[in-house]
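Coordinate analysis (summary)
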Amino acid sequence: MERRDFLSNMGITLAIVCTGGLAACGGKGDDPQPDPPGNPPGGGNARLTVNLGNQLTTVGSSLISGGVVLIRLAAANVPASFSAVTSTCTHQGCTLSGVNGGIIECASACGHGSKFNSDGTVNTGPATAALTKYSIEISGNTLTVK
């Protein structure tokens, strides 16, 4: 095999390795804002996993993690007691800043003050589109957002 063929083949191999597993190409280790605790390790289709034994234990509590805003709406540990929506504002793509009185706020510099109801519908613009809703599964004390 000639050298340029070898290098060409190596480039293809490296590209496959990098697209197949981000850990081999830096991944979260190079991310200036790595995912906070609560995100599931490894793949799967879970966006967020929460231990209800020590997280979101009171009605009205919330968290923003792993691209999800998760709010406890009621006391029971059943899916209907929670709301899970994307943490990306539909106005200009900013990360939503928090939850205040059940209202999800975008108070970041580019957010222009949009607010959303706990179900993701627009409460106050300039955003005009609702947040994407995610499904919730609960097994024992483990809540999984998908």
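Conventions and cut-offs
Residues numbered from 1 in each chain as written. Predicted model: local features only at pLDDT ≥ 70, side-chain atom pairs only at ≥ 80, totals over all residues. Heavy atoms only, no water. Helix = DSSP H or I, 4+ residues; strand = E, 2+ residues; numbered from the N terminus. Buried < 20%, exposed > 50% of the residue type's maximum accessible area, 1.4 Å probe, protein only. Contact = heavy atoms within 4.5 Å. pLDDT = per-residue confidence, 0-100. Pairing = 2+ DSSP bridges. Axes fitted to C-alpha atoms, helices over the stretch in contact; angles between N-to-C directions. Salt bridge = Lys/Arg side-chain N within 4 Å of Asp/Glu carboxyl O.

What to know about the overall build of the chain
Broken down by element type, the chain carries one helix and ten strands. Going from the N terminus to the C terminus, the chain shows its helices and strands as α-β-β-β-β-β-β-β-β-β-β. Residues classed as buried in the chain amount to 26% of the 146 residues present. Put simply, of all contacts in the chain between residues at least 6 apart along the chain, 36% involve residues at least 24 apart.

Notes on the confidence of the model for the chain
With 66% of its residues at a pLDDT of at least 70, the chain reaches an overall mean of 73. Element-level pLDDT for the chain is lowest in helix 1 (residues 3-20), with a mean of 39, against a maximum mean of 94 in strand 9 (residues 136-139). Predicted confidence for residues 3-43 stays below pLDDT 50, and this span has 22 contacts to residues more than four positions away or in other chains.

Digging into the sheet that holds strand 9
Across the sheet, which stays open at both edges, the three strands sit in the order 1-10-9 with antiparallel pairing between neighbours. Two strands lie at the open edges of the sheet, namely strand 1 (48-51) and strand 9, each paired on one side alone. Taken over all neighbouring pairs, the strand axes of this sheet differ in orientation by 20 degrees on average, direction set aside. Bridge count for strand 1 against strand 10 (residues 142-145) is four bridges, and the pairing is antiparallel. Paired with Asn-51 across the two strands is Thr-142, which belongs to strand 10.

Topic: the pairing of strand 4 (residues 82-86)
The element strand 4 is largely enclosed, with a buried count of five among its five residues. Here five bridges tie strand 3 (residues 68-72) to strand 4, and the two strands are oriented antiparallel to one another. Residue pairing across strands places Ile-71 opposite Ser-83, the latter belonging to strand 4.

As for the pairing of strand 10
Across four bridges, the pairing between strand 9 and strand 10 is antiparallel. Bridged to Ile-136 within strand 10 is Val-145. In textbook terms, the turn of a hairpin is the stretch between consecutive antiparallel strands, and for strand 9 and strand 10 this stretch comprises two residues, one of which, Gly-140, has a positive phi near 65 degrees.

Examining the pattern of salt bridges
Tallied over the entire structure, the rule returns one salt bridge. Close ionic contact of Glu-137 with Lys-146 constitutes a salt bridge, the shortest N to O distance being 3.4 Å. Residue class for Glu-137 comes out partly exposed when judged on its relative accessible area of 41%. Residue classification places Lys-146 among the partly exposed positions, given a relative accessible area of 28%.

A closer look at the sheet that holds strand 8 (residues 122-124)
One open sheet holds the four strands; their spatial order is 5-6-7-8, and the pairing between them is antiparallel. Strand pairing shows two members of the sheet lacking a second neighbour, strand 5 (98-100) and strand 8, which therefore form its edges. Pairing analysis gives two bridges linking strand 7 (residues 115-116) to strand 8, with the strands arranged antiparallel. Paired with Phe-116 across the strands is Val-122, a residue of strand 8.

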